[in-house]
Amino acid sequence: MNYRGKLWIIPDEGQIIQPLFEKEVALGENHTKKIQEFSDMYQ
């Protein structure tokens, strides 16, 4: 699979008790889409 890179988000452990959020960003895909996925998950 061709991918552009990885997006890592380290949640604030005082607000979100979850491990590191890591997603691969495919070629032609915008990294902000993955940031939105994280935001939608934890509002």
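Our structure's up above, just so we're on the same page.
Residues numbered from 1 in each chain as written. Predicted model: local features only at pLDDT ≥ 70, side-chain atom pairs only at ≥ 80, totals over all residues. Heavy atoms only, no water.

A. Structural view of the environment of F21. Looking at the element boundaries, F21 is found in strand β2 (residues 21-26). The exposure class assigned to F21 is buried, which follows from its relative accessible area of 6%. For F21 and W8, which are 13 residues apart along the polypeptide, the C-alpha to C-alpha distance reads 5.6 Å. The residues contacting F21, other than those within four sequence positions of it, are L7, W8, I9, P11, K34, E37, F38 and M41. (Helix = DSSP H or I, 4+ residues; strand = E, 2+ residues; numbered from the N terminus. Buried < 20%, exposed > 50% of the residue type's maximum accessible area, 1.4 Å probe, protein only. Contact = heavy atoms within 4.5 Å.)

B. The arrangement of the nonpolar core in detail. Ranked by size, the top nonpolar core spans 6 residues in total: L7, I9, I16, F21, V25 and F38. At the level of elements, β1 (3-9) and β2 are the ones that each hand at least two residues to this core. (Core = buried A, V, L, I, M, F, W, Y, C linked by side-chain atoms within 4.5 Å.)

C. Structural detail: a nonpolar patch on the surface. Taken together, the side chains of W8, I10 and L20 present a nonpolar region at the surface, about 390 Å² in accessible area. Relative to the assigned elements, I10 resides in the loop between β1 and β2. The exposed category is assigned to I10, whose relative accessible area is 74%. (Patch = residues over 30% accessible without salt bridge, like charges linked within 9 Å, V, L, I, M, F, W, Y side chains within 5 Å. Areas by Shrake-Rupley, 256 points an atom, 1.4 Å probe, with all protein chains shown as cover. Salt bridge = Lys/Arg side-chain N within 4 Å of Asp/Glu carboxyl O.)

D. Structural detail: the environment of G5. Examined against the element boundaries, G5 turns out to sit in strand β1. C-alpha separation for the pair G5 and N30, spaced 25 residues apart in sequence, amounts to 10 Å. Setting aside anything within four residues of it in sequence, one finds G5 in contact with K23, E24 and V25.

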